[in-house]
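Topology and contacts: notes
Here's the letter readout for the chains.
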Amino acid sequence: MAVVEFAPQLIEALRAAERVLIFTGAGVSAESGLPTFRDPQQGLWAKFRPEDLATPEAFARDPETVWRWYQWRRRMHADVAPNPGHHAIAALEARLPQATLVTQNVDRLHELAGSAAPIHLHGHLFRNRCADCGIAMPEVAPEIDTPPLCTSCGGLCRPDIVWFGEGLPAEPWEAAARAAQEAEIVLSIGTSATVHPAAELPRMAHRTGALVVQVNPQPTRLDPIAHNLRGPSAKILPALVAAVWP
Ligand code: BV8
Ligand code: ZN
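This is a predicted model, so every value here is computed, not measured.

Those protein atoms acting as donors to the zinc ion (ligand 2) are Cys130 (SG), Cys133 (SG), Cys150 (SG) and Cys153 (SG), and they sit at 2.3 to 2.4 Å. Classification of the site at the zinc ion (ligand 2) rests on its four donor atoms, whose angles at the metal span 99 to 116°, yielding the label tetrahedral. Read in sequence order, the donor residues coordinating the zinc ion (ligand 2) give the pattern C-x2-C-x16-C-x2-C. One end of the pair, Cys133, is in the loop between β4 (123-130) and β5 (136-137); the other, Cys150, is in the loop between β5 and β6 (157-161), with 17 residues separating them in the sequence. The exposure class of Cys150 is buried, given its relative accessible area of 5%.

Next comes the structure, spelled out in structure tokens:
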């Protein structure tokens, strides 16, 4: 395998950094076998329109179809494990004095790789809540293809995921925004940085003087403000950890 080279200034900056924000998206889980959202061939949105499935209006119109799409995604996770990129992120967290991991992903691969408390901005694929009264509802076997009813109010069960047009949960968002404002370095990994307000985090950090480092095989809208490490995270991140802390 070809050796990955890093700028000496980047290695020094990471060695000296106190506060680092690690911001991840679907690309970090791609090498675990999960499709990203916006890949034109394989992406989840290549086959489905977000407004047909990931909105409160879609669920109100056709709850069974939306529910079945999430059950299908839950089944897809059954054999999925963290990849070397997730493990390298957990290693970074252990090495850095103050690292905050913020993810847009609804999977639990960061947790399975040993990251103690990732901040989930877009919710959790395996959690449920009542669409009417909001109460937490238990996990459901992935083959159940109609949404169960809430035992408190009779409302429909829905995944505990932030859909388009819904506000992000306040506490995680505030913690993420604070980490962005305080960070000296942001690692933006495997995200197209197109979904707001999450995509504003690296930009906020850049405005307050942080170095933005992007890990992505493809260009994104962050390219102009980032130091770009072009390649898959499962290859780049372990090499980066080994270069900074040999
Ligand atoms: C809200 C969950 C208000 C479903 C998701 C400002 C400007 C423009 C629009 C808006 C704006 N502010 C708000 C909006 C509207 C909207 C929005 O952002 N629209 C965009 C798309 C135009 N935002 C919202 O609606 C948000 N809500 O603002 O509410 C409000 C306020 C108060 C009160 C009420 C309302 C809610 C956002 C909802 C987010 N939920 N879906 C589900 O999971 O089922 S978004 C979905 O996108 C996922 O959650 C995902 O995490 C997220 C981000 O995508 P990425 O992770 O970046 O994935 P993507 O496929 O795009 O990219 C993958 C990248 O990986 C690529 O770059 C690829 O090159 C790279 N890659 C591939 N392989 C690898 C790799 N990288 C590294 N290694 C590899 N091997
Ligand atoms: Zn209820």
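In this model, the largest pocket occupies a volume close to 960 Å³. If you go around the largest pocket, you meet 45 residues; those closest to its centre are Ala26, Thr36, Phe37, Arg38 and Ser192. In terms of residue count, helix α5 (residues 63-76) provides more of the lining of the largest pocket than any other element does, three residues in total. Partitioning the lining of the largest pocket into residue classes produces 23 nonpolar, 17 polar and five charged. Within this model, the second largest pocket holds a volume of roughly 170 Å³. Around the second largest pocket, the lining residues are His120, Gly123, His124, Arg127, Arg129, Asp160, Ile161, Val162, Glu166, Gly167, Pro169 and Pro172. Of all the secondary structure elements, the ones that give two or more residues to the lining of the second largest pocket are β4 and β6. Tallying contributions element by element places β4 first for the lining of the second largest pocket, with four residues.

How each quantity is defined
Residues numbered from 1 in each chain as written. Chains lettered and ligands numbered in written order. Predicted model: local features only at pLDDT ≥ 70, side-chain atom pairs only at ≥ 80, totals over all residues. Heavy atoms only, no water. Donors = N, O, S within 2.8 Å, 3.2 Å for Na, K, Ca; no water. Tetrahedral: all angles 85-135°; square planar, octahedral: opposite > 155°, others 65-115°. Helix = DSSP H or I, 4+ residues; strand = E, 2+ residues; numbered from the N terminus. Buried < 20%, exposed > 50% of the residue type's maximum accessible area, 1.4 Å probe, protein only. 1 Å grid on protein atoms, 1.4 Å probe; cavity = no way out; pocket = protein on both sides within 12 Å on 5 of 7 lines; lining within 4 Å. Points joined across faces, edges and corners; volume = space filled by probe spheres on them. Nonpolar A, V, L, I, M, F, W, Y, C, P; charged D, E, K, R; others polar.

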